[in-house]
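# Residue-level structural notes
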Amino acid sequence: MSRCLLLALATLSITAVPSAAQPARPNVVLIVADDLGGRDLGCYGSQFHRTPHLDQLAKDGVRFTQAYAACPVCSPTRAAIMTGKYPARLRLTDWLPGRGDLPAQKLSRPMIRQELPLEEITLAERLHDAGYATVHVGKWHLGGEGFSPLQQGFDVNIAGDHTGTPLSYFAPFVKNGRTMTGLADAPSGQYLTDRLTTEAERLIDSFGDKPFFLYLPHYAVHTPLMAPQELVDTYPPAGPFTGQQNNPIYAAMLEALDHSVGRITKKLRDLGVLDRTVIVFTSDNGGLATTEGPKTPATSNAPLREGKGWLYEGGIRVPLIIRGPGATAGQVSSNVVCSIDLVPTLCELCGVKLPDSVDGVSVVPSLTLDGKLPDRSLYWHYPHYSNQGGKPGGAVRSGDYKLIEYYENGRRELFNIAKDERENRNRIIVEAAVADQLASELAAWRAAVDAQRMTPNPDYKPNLQLANGRIELPAKTATVHGVMLRYEPLPHKKTLGYWVIPADFATWEFDATRPGTYRLEALVGCGNGSGGSVVHFTIGDQTLALTVKDTGGFQAFQPNDLGTITLDKPGRYELTVKPQSKPGPAVMDLRSVTLVPVGK
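Residues numbered from 1 in each chain as written. Predicted model: local features only at pLDDT ≥ 70, side-chain atom pairs only at ≥ 80, totals over all residues. Heavy atoms only, no water.

The next thing to look at is the sheet that holds strand S1 (residues 27–33). Spatial ordering of the open sheet is given by S5-S4-S8-S1-S9-S10-S2-S11, a layout of eight strands whose pairing is mixed. Of all the strands in the sheet, just strand S5 (156–158) and strand S11 (331–338) have a single pairing partner and so form its edges. The average angle at which neighbouring strand axes cross in this sheet is 15°, direction not considered. Sheet topology places strand S2 (residues 62–68) next to strand S10 (residues 317–323); five bridges connect them, and they run antiparallel. Note on S10: the bridge partner recorded for arginine 63 is isoleucine 321. Helix-sheet contacts for helix H8 (residues 248–270) involve S1, strand S8 (212–217) and strand S9 (277–283), and the interaxial angle to S9 is about 170°. (Pairing = 2+ DSSP bridges. Helix = DSSP H or I, 4+ residues; strand = E, 2+ residues; numbered from the N terminus. Axes fitted to C-alpha atoms, helices over the stretch in contact; angles between N-to-C directions. Contact = heavy atoms within 4.5 Å.)

Here it is in structure tokens:
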């Protein structure tokens, strides 16, 4: 017995030597903000928000200027961060549980997975198998019971469940008899961002010498917008939204988040492990730039176009900062990277076998001064109508070019992002060959990942007649045709704008239940020097003409009475608005058209 024991001890001592001689694996802290825009941090150009700790993180590490979220909404990007795979491949392409189909939608959504499948190997599982302690603190939103972080590779879960918004931003963290996991003993009034940071600090203290993976996906800065009042009061009061960052509540939420990053960094420094810890900071999609709930919009992503829920740059461009071993301090990388790249990147930095079944690539070469990534394309597939007004579509970014394809009617837009980051000039005609190539590439990718398709909505009923007999046709429900005309969703606009090509036109479908005579009213804005355009409003064989008047600004909307038309029977109709002439720089901005029953 004694000889066997001595032999076993000898074997243990021999096998322990190589392990001890190996360099220690770096720790990993992955911090994900919720709905944080690509231009919200000071180091990304914000002049309104205060983010000194994140700005310092960028100075101490690598800041990516062309980083993308895998989806314009949250859950799919979070699935991509965990797996390194495109959301389309996972069949998880919308926030969970997703919004049901509405009658106004021309297409029906596909039935998506309601959780991150257990058969997928998560980043937590890969690092756990490599000897890491793995802890989750914050928002999960990738499945509930049976699919929580504890079933996806994490040893500890604090505050993570199936929901996308917190039960409360202030303690007690309770709603409808349910308490956020691990937060039952919070002192009254404690702010959630602060509490999650305290939990993260406590766990960091507990790891000792064992390498750890801390996943800290904050609920902030997601709606409902709530922050400590004393912090809100340090910002100027919000004025009318004009496309600039000016929301003091959102700014306070972001400052609290920034303070959390500072606390985590200090904790790592105090423990002497900061320089052997990889810290990654990013967001799950662009900032909320449209109206969605009280005290919104949250932010402006300008000069990037639109925001959360849209496939334009404002909806998918996000901050990405990587600090730690292998990252050159002060480096700014223009390499095009994506959420799907985090798994292979962190695996390489941690000395874990690189997975061969992921869509992302390691961006470790980008962390050095001369590091460039191989040429590749990035893809998006969003077969859903977003809560923010975005319509279903797909996109591909290849080199300097980005193509967006809309699923309702196949309309395409092509932008040279290197020259036109604002996505103002659709090059679909002048570079048709590039557009065709990218469209073919996007179609081939959808086939390769077996992307789910949308189907016609059998209950489609567009722009239903109201109980008072009016038929209201807002700009957001129009279908645009042509090159430059577009719907602008920001709340101070909500208009069809960029009507600079007279061949562009708009159409609305609507269902009338009451035959009769209707007066056509158009809410129109026109900037200085652009008056005089003649525009036809046509329903069937009836046409009314408008000569556009200068209103003193394209968003200075004024009502115009165009005359009357007759709807002779109930049913589906289509209104076409088409310019006939354009003497100035633009035709007009058109916020809405309304059919008002005569004599009612």
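The α-helix advances 3.6 residues per turn, and as a result positions three or four apart in sequence lie on the same side. Taking burial as the measure, the ten residues of helix H3 (residues 74–83) include ten buried ones, the bulk of the element. Along H3, the residues classified as buried are Cys74, Ser75, Pro76, Thr77, Arg78, Ala79, Ala80, Ile81, Met82 and Thr83. Its buried side turned inward, H3 meets S1, helix H4 (87–90), helix H5 (123–129), S8, S9 and helix H10 (342–349). Backbone geometry just downstream of H3 places glycine 84 in the positive-phi region, at approximately 80°. (Buried < 20%, exposed > 50% of the residue type's maximum accessible area, 1.4 Å probe, protein only.)

Taken as a whole, the largest pocket spans an internal volume of roughly 1100 Å³. If you go around the largest pocket, you meet 47 residues; those closest to its centre are Gly389, Lys391, Lys476, Thr477 and Tyr487. Residue classes in the lining of the largest pocket are distributed as 18 nonpolar, 14 polar and 15 charged. (1 Å grid on protein atoms, 1.4 Å probe; cavity = no way out; pocket = protein on both sides within 12 Å on 5 of 7 lines; lining within 4 Å. Points joined across faces, edges and corners; volume = space filled by probe spheres on them. Nonpolar A, V, L, I, M, F, W, Y, C, P; charged D, E, K, R; others polar.)

Once that is clear, we can look at the pattern of salt bridges. Across all of its chains, the model carries 39 salt bridges by this definition. Salt-bridge contacts for lysine 85 lead to glutamate 120; the nearest nitrogen and oxygen are separated by 2.9 Å. Note that lysine 85 is positioned in the loop between H3 and H4 and glutamate 120 in the loop between strand S3 (107–108) and H5, a separation of 35 residues in sequence. Lysine 85 gets classed as buried once you look at its relative accessible area, which sits at 14%. The partner of arginine 446 in a salt bridge is glutamate 405, and the shortest N-O contact between them spans 2.9 Å. In this pair, arginine 446 sits in helix H11 (residues 432–448) while glutamate 405 sits in strand S14 (residues 401–406), placing the two residues 41 residues apart along the sequence. Glutamate 405 shares its class with arginine 446; the two are buried. Among the charged side chains, a network of salt bridges with common partners joins Arg39, Glu313, Arg317, Lys402, Glu421 and Glu423. (Salt bridge = Lys/Arg side-chain N within 4 Å of Asp/Glu carboxyl O.)

Let us now look at the nonpolar core. A general feature of soluble globular proteins is that nonpolar side chains tend to end up buried together. Ranked by size, the top nonpolar core spans 70 residues in total, and within it Phe537, Met588 and Leu590 carry the most contacts. Setting aside residues up to four positions removed in sequence, leucine 590 forms contacts with Ala475, Thr495, Leu496, Trp499, Trp508, Ala522, Leu523, Val524, Phe537 and Val577. Core analysis: the next-biggest nonpolar cluster, separate from the first, contains 56 residues, Leu183, Leu214, Val221 and Leu231 among them. (Core = buried A, V, L, I, M, F, W, Y, C linked by side-chain atoms within 4.5 Å.)

So, about the packing of aromatic side chains. A full pass over the atoms with the stated rule returns 15 aromatic pairs. Taken together, a centroid distance of 6.0 Å and an interplanar angle of 15° make the contact between phenylalanine 154 and tyrosine 215 stacked. Here phenylalanine 154, found in the loop between strand S4 (133–137) and S5, pairs with tyrosine 215, found in strand S8; they are 61 residues apart in sequence, far enough to count as distant. Here the two residues phenylalanine 154 and tyrosine 215 agree in accessibility, since each one is buried. (Phe/Tyr/Trp six-rings, centres within 6.5 Å; stacked < 30°, edge-to-face > 60°.)

Moving on, we come to the sheet that holds strand S12 (residues 377–382). Overall, antiparallel pairing links the four strands, which are arranged S12-S13-S14-S15 in an open sheet. Every interior strand has two partners, whereas the edge strands, S12 and strand S15 (412–416), have only one. Neighbouring strand axes in the sheet, compared pairwise and without regard to direction, differ in orientation by 10° on average. Relative to strand S13 (residues 393–398), S12 is paired through six bridges, and the arrangement is antiparallel. Residue pairing for S13: leucine 378 is matched across the bridge by arginine 397.

Moving on, we come to unusual backbone geometry. The step from leucine 96 to proline 97 runs through a cis peptide bond, and the omega angle for that step is 5°. Residue position: proline 97 is located in the loop between H4 and S3. The omega torsion across alanine 220 and valine 221 is 10°, close enough to zero to call that bond cis. One non-glycine residue, aspartate 35, adopts positive backbone phi at about 70°. By relative accessible area, which is 2% here, aspartate 35 ends up buried.

Once that is clear, we can look at the pairing of strand S24 (residues 542–547). Both faces of the sheet carry side chains from a regular strand, because those side chains alternate between them. One ladder, built from six bridges, connects strand S23 (residues 534–539) with S24; its direction is antiparallel. Looking at the pairing, valine 534 lines up with threonine 547 of S24.

Here isoleucine 316 lies in helix H9 (residues 313–316). Separated by 32 residues in the primary sequence, isoleucine 316 and aspartate 284 place their C-alpha atoms 8.3 Å from one another. For isoleucine 316, the contacting residues outside a window of four places in its chain are Ala67, Tyr68, Ala69, Cys71, Pro72, Gly286, Trp310, Leu311, Trp380 and Lys402.

Turning our attention to the pairing of S15. Taking burial as the measure, the five residues of S15 include four buried ones, the bulk of the element. Direction of pairing for S14 relative to S15: antiparallel, over a ladder of five bridges. Opposite glutamate 405, over in S15, you have arginine 412 as the bridge partner. Between S14 and S15, which pair antiparallel one after the other, the connecting turn spans five residues, and glycine 410 there sits at a positive phi close to 75°.

As a further point, take the state of the cysteines. Scanning the entire structure with this criterion turns up zero disulfides. Not part of a disulfide, cysteine 71 finds its nearest cysteine sulfur in cysteine 74, a span of 8.4 Å. Judged by its relative accessible area of 2%, cysteine 71 falls in the buried class. Here cysteine 350 stays unpaired: no disulfide links it, and the sulfur of cysteine 347, its closest cysteine neighbor, is 7.2 Å away. (Disulfide = S-S within 2.5 Å.)

Moving on, we get to the confidence of the model for the chain. Scored by pLDDT, the chain comes out at a mean of 95, with 96% of its residues at no less than 70. Every residue in residues 1–21 scores below 50 in pLDDT, and together they form zero contacts with partners more than four places removed in sequence or on other chains. (pLDDT = per-residue confidence, 0-100.)

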